[in-house]
Amino acid sequence: MADGSVPEMCTDAGTTQCGDTCVRTDNDPAHCGGCDQACASTEACESGVCVAVCRIDGQQFAAEAGNPANACEQCVPTTSATAWTSFEDGTACGTGQVCSTGACGPKCFINGTLYDEGTPSPTNACEVCTPATSTTAWSPREAIPLLVGGTDIVAQGWTTHTQAPNTLTYGEDHVRLATSTDSGGRTSGQLLLAKTNAVAPTQPFTLRVTMQVESVSRHNQLDSGAAILGSLTGSAGNGTDRSQMIYLDSAAIGWADESQSSAFAVTDGAYHVYELAVDADKVATVSVDGVAKLTRNNFTTNGTIAIGDQTNDPNVDGVVRIKSVEKLCQ
């Protein structure tokens, strides 16, 4: 031009001439906010400002953007601009779920520690991790499982007192105990499951046994082929243990010292819930399916409980299936 001025090259709105090129300084990473103001390789130009981003698997993500395929990962350019960064353990990632090593699942994060669902509190066995209720605090539970049928009893802390002939077998949801007497035998089989420290000897407690009695011989006084003992000393119980033992006959339940009994169709082919509750005054109540059947005073325990065929008396045998044993939370 005659006046020697530089011709206007960039006539489109929003463009700026940088050298001999028209650029948009609002989004051009080489000229972000002005000519030759380049963003770093880990940045993008947004509204004329260089901002950190992640470029992962050929896609660009803004800082703090979540991984659409994993709720426990996000874009954190200061940590990595080319890979997802995991949230800290315990970060909420969905209803009843928290992050654990970069994966979202039903766990609890309590006082800085992760716990799997169902884990009891280390300081209170009547509290448990229940993510559906809370992922940040312990949840109360109704009962403490002492025996779960279908799984190894030894691994659950139970021991056995035995004499042949007997068999211990497992079903999908139960453990089956069976004893018998050999023809002409002077003794019979014994198979008694015992768990030490199951209850506190000086505290009230309630035991709940879900059990089916398939068959059982008539008990003798202080001996039974199908029994529940709230206290056990030795392999068969001392005099006190045996006097307050609960016997189960085919059509009755009672205390083994014959102080009280109640008619009940024990061997009806069904599972029943047997509860032994001992209160602070040492009054014991035995209930079947929620109905009180027996009571006695001055019940004592050494903390060991037992279930099964308690005696080796001939022809005093039983077959029982135990589905579960629980200690109710008071």
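Residues numbered from 1 in each chain as written. Predicted model: local features only at pLDDT ≥ 70, side-chain atom pairs only at ≥ 80, totals over all residues. Heavy atoms only, no water.

**Focus on the overall build of the protein chain**
Next up, step 1: Assigned secondary structure in the protein chain consists of 1 helix and 30 strands.
Next up, step 2: Relative to the compact-globule value of 20 Å for 330 residues, the protein chain shows a C-alpha radius of gyration of 36 Å, a clear excess of over 25%.
Next up, step 3: Principal-axis analysis of the C-alpha atoms places the extent of the protein chain at approximately 135 × 45 × 30 Å.
Next up, step 4: Per-residue burial for the protein chain yields a buried fraction of 42% across its 330 residues.
Next up, step 5: Relative to all contacts within the protein chain whose residues are 6 or more apart in sequence, the contacts with residues 24 or more apart total 51%.
Next up, step 6: With the model as given, the accessible surface of the protein chain reaches about 16,200 Å², and the carbon-plus-sulfur share is 48%.
Next up, step 7: Distance between charge centroids for the protein chain: 18 Å, based on 16 positive and 37 negative side chains. (Helix = DSSP H or I, 4+ residues; strand = E, 2+ residues; numbered from the N terminus. Rg over C-alpha atoms; globule rule 2.2 N^0.38 Å. Buried < 20%, exposed > 50% of the residue type's maximum accessible area, 1.4 Å probe, protein only. Contact = heavy atoms within 4.5 Å. Areas by Shrake-Rupley, 256 points an atom, 1.4 Å probe, with all protein chains shown as cover. Lys, Arg positive; Asp, Glu negative; His and termini not counted. Charge placed at Lys NZ, Arg CZ, Asp CG, Glu CD.)

**Some words on the domain arrangement of the protein chain**
Next up, step 1: Along its sequence, the protein chain is organised into domain 1 (16–75), domain 2 (87–141) and domain 3 (148–328).
Next up, step 2: For domain 1 versus domain 3, the distance between C-alpha centres works out to 74 Å. (Domains from an automatic or database assignment.)

**Here's the deal with the packing of aromatic side chains**
Next up, step 1: Summed over all chains, the structure comprises 3 aromatic pairs.
Next up, step 2: Its end group placed over the ring of Trp255, Arg296 keeps NZ or CZ at 4.9 Å from the ring centre. (Phe/Tyr/Trp six-rings, centres within 6.5 Å; stacked < 30°, edge-to-face > 60°. Lys NZ or Arg CZ within 6 Å of the ring centre and 35° of its normal.)

**Some remarks on the nonpolar core**
Next up, step 1: The biggest cluster of nonpolar side chains holds 39 residues, and the ones touching the most others in it are Met211, Tyr274 and Ile322.
Next up, step 2: The leading source of residues in this core is strand β21 (residues 205–216), at 6 residues.
Next up, step 3: Discounting chain neighbours no more than four positions away, the residues touching Ile322 are Leu147, Gly149, Asp173, His174, Val175, Leu177, Leu193, Thr210, Met211 and Ile307.
Next up, step 4: With 8 residues, the next largest nonpolar core counts Leu229, Leu232, Ala256 and Ala306 among its residues. (Core = buried A, V, L, I, M, F, W, Y, C linked by side-chain atoms within 4.5 Å.)

**Remarks on the sheet that holds strand β5 (residues 59–62)**
Next up, step 1: An order of β3-β4-β5 is seen for the 3 strands of this open sheet, with the pairing classed as antiparallel. The two strands at the open ends of the sheet, each matched to only one other strand, are β3 (43–46) and β5. Neighbour-to-neighbour, the strand axes of this sheet turn through a mean angle of 50°, independent of strand direction.
Next up, step 2: The sheet contact formed by strand β4 (residues 49–56) and β5 spans 4 bridges and is antiparallel. Across the sheet, Arg55 pairs through a bridge with Gln60, a residue of β5. (Pairing = 2+ DSSP bridges. Axes fitted to C-alpha atoms, helices over the stretch in contact; angles between N-to-C directions.)

**Some remarks on the state of the cysteines**
Next up, step 1: Applying the stated criterion across every chain, the model contains 9 disulfides.
Next up, step 2: Between the sulfur atoms of Cys108 and its disulfide mate Cys129 the distance is 2.2 Å. Across the disulfide from Cys108 to Cys129, rotation about the S-S bond amounts to roughly 95°, and the bridge is consequently right-handed. Of this pair, Cys108 sits in strand β12 (residues 107–110) while Cys129 sits in the loop between β14 (127–128) and β15 (139–140); the two residues are 21 residues apart in sequence, bridging distant segments of the chain. (Disulfide = S-S within 2.5 Å.)

**Things to note about empty space enclosed by the protein**
Next up, step 1: All told, the structure shown has 1 cavity of 30 Å³ or more when counted by the stated rule.
Next up, step 2: Approximately 30 Å³ is the volume found for the largest cavity.
Next up, step 3: Surrounding the largest cavity, Leu177, Ala178, Thr179, Leu191, Gly225, Asp309, Gly318, Val319 and Val320 form its lining.
Next up, step 4: For the lining of the largest cavity, the elements supplying multiple residues, two or more each, are β19 (175–179) and β30 (318–328). (1 Å grid on protein atoms, 1.4 Å probe; cavity = no way out; pocket = protein on both sides within 12 Å on 5 of 7 lines; lining within 4 Å. Points joined across faces, edges and corners; volume = space filled by probe spheres on them.)

**Structural notes on unusual backbone geometry**
Next up, step 1: A cis amide bond links Ala164 with the next residue in sequence, Pro165, at an omega value of 0°.
Next up, step 2: Positionally, Pro165 belongs in the loop between β17 (159–163) and β18 (166–170).
Next up, step 3: Even without glycine at this site, Asp36 takes up a positive phi of about 65°.
Next up, step 4: Relative to the assigned elements, Asp36 resides in the loop between β2 (21–23) and β3.
Next up, step 5: Although it is not a glycine, Thr101 adopts a positive phi angle of roughly 50°.
Next up, step 6: Here Thr101 lies in the loop between β10 (97–100) and β11 (103–105).
Next up, step 7: The class for Thr101 is exposed, based on a relative accessible area of 69%.

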